[in-house]
Amino acid sequence: MIYTLTLNPALDYVVEVADFTEGSINRTKNELKYPGGKGINVSRVLKRLGVSSTALGFTGGFTGDYIENVLKQENIDTDFVRVNGDTRINVKIRGGKETEINGASPSISEDDIRSLESRLALLDNEDQLVVAGSLPSMLPPDTYKRLMIRLKEKGIRVYLDTSGEALTKALEASPYFVKPNHLELAELYDVSISSVEEAVQYGKKLLDDFDISHAVISMAGEGAVYLHGDEAYQAKPPERPAVNSVGAGDSLVAGFIAKHLLSNNPDEVLAFAVSAGSATAFSETFCTKEEVVQINKEIKTAVLNE
Ligand SMILES: Nc1ncnc2c1ncn2[C@@H]1O[C@H](COP(=O)(O)OP(=O)(O)OP(=O)(O)O)[C@@H](O)[C@H]1O
Ligand SMILES: O=P(O)(O)OC[C@@]1(O)O[C@H](CO)[C@@H](O)[C@@H]1O
C-alpha cells in the first residue's frame, strides 16, 4: 500500500483577481477551494492516475473536516490524527504574477506526535510512504529524519519532497527517492543552478552524499532531470502557457510513483512524471489521466550519460 504523509495540510483557497493591486480592495473574478498540502495532493493525483493510497498526517477543525470529506468523496482512504486547532488556509492569488500566502500550522502536541508514530508503526516492508511538504513550525527540523529512520529500518521505501532545514536533515535518513526543484537543490549546496548540466552535476552529488537511489530535479518549464546510479535522463515538456503552478511538483511525484510501480524504464518513468507535472501546470487545478497521457506524447526525452 502507498501512504502519503502531510504534517502541515491546508485548505487551498485560490482567488483570481483581474488586476491585483496591493493596498486596495480587490474583487475576485473566480475562486476555487480544495484540499491541499503536498502529500494530500500526491494522493489526489495518484487516484486520478488509478493508484490507491492512504493519506496520513494532522487535521483539525472545520478546515480539517473539509479536507477529510473531499478525500472521502474522491474515494481516498485517510487515517489522520485529529489535532485541536484548525488546519491552516493557504491563499493563492492569481493576478498577473502568482502570489501565495501560506498559513501557519495549528499547535501539534506530544500526544499528537505519539498518535502519528503509532499509525506509522503499522506500516510494513510492502508499504511505501510519501513524505511531503513543510513541517509545522513547532516541530523540530529533524522530525522527518527521526520518523524516516524507523521506517527505513523496516525496509519501507520513502519518497521525500520537502524544503529548507527539514530537507537538509531528512536527507541524512537516505530516502529512496527525493524531488527537490533546482532552487532547493541550489540552496542545499549554496550554489546557483541555472542549466540542465548544473542540475545533473549537483543531482549526482546529492545521490552520492546521502546514499539515495533516485532523485528528480524539477525545473519548472524546462521539465526535469532524473538521476539514478550513474545514469542521468532529461525530459522536456511542450511549450505552452502555464496557468497554475500550485501542485505541479506534487503531480510530478505522483506521476513518477504511478509509472515506477509498473516500469523499470527510467526514460519512460521520467517522461510520465514530467507529463503529470506539466498537465497540472497547464490546467486550472490538477491534471486528469487523459491530459497526462496526451502530454506524454509530446515530451522530449534525452539520455545524458557520457
Ligand atoms: N511553466 C511550465 N511549463 C510546463 N511545465 C511546467 C511548468 N511549470 C511546472 N511544470 C511542470 O511541473 C513540474 C514541477 O515544477 P517545478 O519545478 O516548478 O516544481 P515545484 O517547485 O516543486 O512545484 P510547486 O511547488 O509549484 O508544486 C516540472 O518538472 C514540469 O513538468
Ligand atoms: O507550506 P508548504 O507545506 O511548503 O506547501 C503547502 C502548499 O503550498 O503546497 C501545495 C502545492 O505544492 C499546496 O497544496 C499547499 O498550499
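Residues numbered from 1 in each chain as written. Chains lettered and ligands numbered in written order. Predicted model: local features only at pLDDT ≥ 70, side-chain atom pairs only at ≥ 80, totals over all residues. Heavy atoms only, no water.

- As recorded in an unreviewed UniProt entry, the protein chain goes by Tagatose-6-phosphate kinase and comes from Alteribacillus bidgolensis.
- Of the comments in the UniProt record for the protein chain, the one headed Function (unreviewed entry) reads "Catalyzes the ATP-dependent phosphorylation of fructose-l-phosphate to fructose-l,6-bisphosphate." (UniProt positions renumbered as here; feature names shortened; annotations may be inferred.)

**Digging into the side chain of Thr-59**
Item 1. Looking at the secondary structure, you find Thr-59 in strand S4 (residues 53-59).
Item 2. For Thr-59, a relative accessible area of 0% corresponds to the buried category.
Item 3. Setting aside residues no more than four positions away along its own chain, Thr-59 makes contact with Pro-9, Gly-64, Glu-68, Phe-80, Val-81, Arg-82, Val-83 and Thr-87. (Helix = DSSP H or I, 4+ residues; strand = E, 2+ residues; numbered from the N terminus. Buried < 20%, exposed > 50% of the residue type's maximum accessible area, 1.4 Å probe, protein only. Contact = heavy atoms within 4.5 Å.)

**A closer look at unusual backbone geometry**
Item 1. At Asn-75, a position not held by glycine, the phi torsion is positive, near 60°.
Item 2. Tracing the backbone shows Asn-75 in the loop between helix H2 (61-73) and strand S5 (77-78).
Item 3. One non-glycine residue, Ser-174, lies in the positive phi region at around 45°.
Item 4. Along the chain, Ser-174 falls in the loop between helix H5 (164-171) and strand S11 (177-178).
Item 5. Owing to a relative accessible area of 14%, Ser-174 belongs among the buried residues under this scheme.

**Comments concerning helix H7 (residues 196-210)**
Item 1. Look at H7: 21 Å from first C-alpha to last across 15 residues, which is about the 21 Å you get at 1.5 Å a residue.
Item 2. Along H7, the residues classified as buried are Val-196, Ala-199, Val-200, Tyr-202, Gly-203, Leu-206, Leu-207 and Phe-210.
Item 3. Buried positions along H7 lie against H5, S11, helix H6 (182-189), strand S12 (214-218), strand S13 (224-228) and strand S14 (231-236).
Item 4. Trailing H7 by a residue or two, Asp-211 shows a phi angle of about 55°, which is positive. (Expected span 1.5 Å × (residues − 1).)

**Some words on the UniProt feature "domain: Carbohydrate kinase PfkB" (unreviewed entry) in the protein chain**
Item 1. In the numbering used here, UniProt assigns the "domain: Carbohydrate kinase PfkB" (unreviewed entry) feature to residues 7-283.
Item 2. Across residues 7-283, helical content stands at 38% and strand content at 25%; the span's end C-alpha atoms are separated by 26 Å.

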